Amino acid sequence: MKRYIIPFILLTIAAIALVGCGGGSSSDNNVVTVTITPMTNTVAAGSSVNLTANVTGTVNKGVQWTIVEGSPGGGTLTNVKSNTVTYTAPQTAGVYHVKATSVANPGKSANATITVTAAPGAVSVTVNPATATIDVNAALNITAIVTGSANNAVTWSIVESGANVGTLTNKTSTSVTYTAPSVAGTYHVKATSAADTSKSATATITVKDKPAVISVAVNPVSATLSPNEAILITATVTGTTNNAVTWNIVESGANVGTLSDKTDTSVTYTSGLLDGTYHVKATSVADTTKSATTKITVSDMPPPPPPD
């Protein structure tokens, strides 16, 4: 009897062992896979994107997140204990990879490929000239420069409204001609970026009245005198409220005559003893480039008698 019991026991143990080998969790025999959503993405330098890992083939859905290129050079990760992580791109453009590795099976992982582009520059607008002073009805060319965008176009406008604020002509995407109104004042021409309408620059234009043209006239314009004879000469200045002049004899020497009784508007010229032609000059005090001259001929010969 004993010889039958022992083989039976051995067979029973073997059967139990076989049952034990087939009795494990069915999930342990499944293939573990990891995927990331999104698998690819493009972001600007310094920007962020959320990545979500999905693990199948096991009840343990946990993952470990890493940046293949290393951190912080390849960017940074936050909320790494979750299956959804936030990746913040570095400031350097390039291609980077975020890896999710299964906790249940570290041999299983997935990579998300992130393309980082250079951050767009801040758009700015400048105008040239930024300030200017012109006469009424005068024209001024203004140019605009846009940086931080491949689109360098601007739109032009006059900030002030009304009929007498000036006009814009010869408009292009980068320049314009401003013609001042007939009324003096301060006006503004605005250039607004077409790429970013929140960015603009303004030229401040001061429009002033045209200065009056100053002129000087003398009376008489010419005269003939005998030696040692006197004559009164007057000056009239127009184009300014300052009607004063200064007086001088153009020629130099001892016998060119003398000036006396000078005022802002008149003078007495007394001829010398020598015959000749002399000139008395009146120069505007308001504008010394403006003057007038009386031509004086000195002669000891009597003038011809009047015709019959």
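Just above sits the structure.
Remember, it's a predicted structure, so these values are computed and weren't measured experimentally. (Residues numbered from 1 in each chain as written. Predicted model: local features only at pLDDT ≥ 70, side-chain atom pairs only at ≥ 80, totals over all residues. Heavy atoms only, no water.)

Re the sheet that holds strand E12 (residues 154-158)
Two strands in a sheet stick together by hydrogen bonds in their backbones, pointing the same way (parallel) or opposite ways (antiparallel).
Now for step 1: In spatial order, the strands read E10-E16-E15-E12; together these 4 strands make up an open sheet with mixed pairing. Each edge of the sheet is formed by a strand with only one pairing partner; in this case those strands are strand E10 (131-135) and E12. Within the sheet, the average angular offset between the axes of one strand and its neighbour, ignoring direction, is 25°.
Now for step 2: For E12 and strand E15 (residues 185-193), the ladder comprises 5 bridges, and the chain directions are antiparallel. What sits directly across from Val-154, in E15, is Ser-193. (Pairing = 2+ DSSP bridges. Helix = DSSP H or I, 4+ residues; strand = E, 2+ residues; numbered from the N terminus. Axes fitted to C-alpha atoms, helices over the stretch in contact; angles between N-to-C directions.)

What about the sheet that holds strand E8 (residues 109-117)?
Now for step 1: Strands sit in the order E2-E8-E7-E4 across an open sheet of 4 strands; the sheet is mixed. Among the strands making up the open sheet, the edge pair consists of strand E2 (40-44) and strand E4 (63-67). Taken pair by pair, the neighbouring strands of this sheet meet at an average axis angle of 25°, ignoring direction.
Now for step 2: Pairing geometry for strand E7 (residues 94-102) and E8, over 8 bridges, is antiparallel. Its bridge partner lying in E8, Lys-99 is registered against Asn-111.

Some remarks on the side chain of Thr-177
Now for step 1: With respect to the secondary-structure elements, Thr-177 resides in strand E14 (residues 175-179).
Now for step 2: Taking the relative accessible area as the measure of exposure, Thr-177 reaches 11% and is therefore buried.
Now for step 3: Among the polar contacts made by the side chain of Thr-177, one reaches the side chain of Asn-170 at a distance of 3.3 Å.
Now for step 4: Beyond its immediate chain neighbours, meaning those up to four positions away, Thr-177 contacts Ala-139, Leu-140, Asn-141, Thr-167, Leu-168, Thr-169 and Asn-170. (Buried < 20%, exposed > 50% of the residue type's maximum accessible area, 1.4 Å probe, protein only. Polar contact = N/O pair within 3.5 Å; in protein donor to acceptor, adjacent residues only side chain to side chain. Contact = heavy atoms within 4.5 Å.)

Considering the environment of Ile-67
Now for step 1: Mapped onto the secondary structure, Ile-67 falls in strand E4.
Now for step 2: Here the alpha-carbon distance between Ile-67 and Tyr-96, two residues 29 residues apart in the chain, equals 7.7 Å.

What about the pairing of strand E6 (residues 84-88)?
Now for step 1: Residues of E6 alternate between two faces, with Val-85 and Tyr-87 buried on one and Thr-84, Thr-86 and Thr-88 left unburied on the opposite face.
Now for step 2: Across 5 bridges, strand E3 (residues 48-56) lies against E6 in antiparallel orientation. By the bridge assignment, Leu-51 is partnered in E6 with Val-85.
Now for step 3: As paired strands, strand E5 (residues 76-78) and E6 are joined by 3 bridges and run antiparallel to one another. Each bridged residue has a counterpart across the sheet, and for Thr-76 the counterpart in E6 is Thr-88.
Now for step 4: Hairpin connection of E5 to E6: 5 residues between the antiparallel strands, including Asn-79 at a positive phi of 65°.

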